[in-house]
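Residue strings, one per chain:
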Amino acid sequence: MDLKEAQARVDAWISRFEEGYWPPLVNLARLVEEVGELSRELNHRFGSKLKRADEAEKDLALEIGDILFVLIALSNERGIDLDDALERVLEKYETRDSDRWTPATPPA
């Protein structure tokens, strides 16, 4: 699925409900909450914070998917085309950071 299709699917789902899109600050709070859940899981797996014995391991892909859903909802609510936004930010990185790190050696 590409970003335009993802934006359309999120819009179709949200449009089913009378409440519609939440305001930007509510979506920001949701985004922070979802990023916190991903952070907690990564810290359990790779950091020093051990998981309680009764805590199940979470699916990292679903945690990232939750973040993506909220970002898409926020983008839709604000009328942001994510294809364009990503293209512009990639161009920024390619220009600004092209000489910032050591290039990888191509495989032989």
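Heads up: these notes are all about the structure in this document. (Residues numbered from 1 in each chain as written. Predicted model: local features only at pLDDT ≥ 70, side-chain atom pairs only at ≥ 80, totals over all residues. Heavy atoms only, no water.)

So, the packing of helix 2 (residues 24-46) against helix 3 (residues 60-78)
Item 1. At a closest axis distance of 9 Å, the pairing of helix 2 and helix 3 adopts a crossing angle of 165°. Comparing their axes, helix 3 and helix 2 come out roughly antiparallel. For the pair helix 2 and helix 3, the crossing hand works out as left-handed. Residue-level inspection shows Pro-24, Asn-27, Arg-30, Leu-31, Glu-34, Val-35, Glu-37, Leu-38, Glu-41, Leu-42 and Arg-45 of helix 2 in contact with helix 3, the latter providing Leu-60, Glu-63, Ile-64, Asp-66, Ile-67, Phe-69, Val-70, Leu-71, Ala-73, Leu-74, Glu-77 and Arg-78.
Item 2. Grouping the constituent residues of the contact of helix 2 with helix 3 by class yields 13 nonpolar, one polar and nine charged. (Axes fitted to C-alpha atoms, helices over the stretch in contact; angles between N-to-C directions. Helix = DSSP H or I, 4+ residues; strand = E, 2+ residues; numbered from the N terminus. Parallel < 35°, antiparallel > 145°, perpendicular 65-115°, else oblique. Left-handed = near helix turned anticlockwise from the far one by under 90°. Contact = heavy atoms within 4.5 Å. Nonpolar A, V, L, I, M, F, W, Y, C, P; charged D, E, K, R; others polar.)

Some remarks on the nonpolar core
Item 1. With six residues, the main nonpolar core is built from Ala-6, Val-10, Ile-14, Ile-72, Ala-73 and Leu-82.
Item 2. Elements that contribute at least two residues to this core include exactly helix 1 (3-15) and helix 3.
Item 3. At three residues, helix 1 tops the list of elements feeding residues into this core.
Item 4. Non-local contacts of Ile-14, meaning those with residues more than four positions away in its chain, are made with Gly-20, Tyr-21, Phe-69 and Ala-73. (Core = buried A, V, L, I, M, F, W, Y, C linked by side-chain atoms within 4.5 Å. Buried < 20%, exposed > 50% of the residue type's maximum accessible area, 1.4 Å probe, protein only.)

Examining the packing of aromatic side chains
Item 1. Under the criterion given, the structure shown has two aromatic pairs.
Item 2. Taken together, a centroid distance of 6.0 Å and an interplanar angle of 80° make the contact between Trp-13 and Phe-69 edge-to-face. Taken together, the positions of Trp-13 in helix 1 and Phe-69 in helix 3 put the pair 56 residues apart, joining distant regions of the chain.
Item 3. The partly exposed category is assigned to Trp-13, whose relative accessible area is 43%.
Item 4. You can call Phe-69 partly exposed: its relative accessible area is 26%. (Phe/Tyr/Trp six-rings, centres within 6.5 Å; stacked < 30°, edge-to-face > 60°.)

Considering the layout of surface pockets
Rolled over the atoms, a probe with the dimensions of a water molecule shows which regions are left empty.
Item 1. Empty space within the largest pocket amounts to approximately 170 Å³.
Item 2. For the largest pocket, the full set of lining residues is Trp-13, Ile-14, Phe-17, Glu-19, Gly-20, Tyr-21, Trp-22, Asn-27, Arg-30, Phe-69 and Ala-73.
Item 3. When residues of the lining of the largest pocket are traced back to their parent elements, those giving at least two are helix 1, helix 2 and helix 3.
Item 4. A per-class count over the lining of the largest pocket returns seven nonpolar, two polar and two charged. (1 Å grid on protein atoms, 1.4 Å probe; cavity = no way out; pocket = protein on both sides within 12 Å on 5 of 7 lines; lining within 4 Å. Points joined across faces, edges and corners; volume = space filled by probe spheres on them.)

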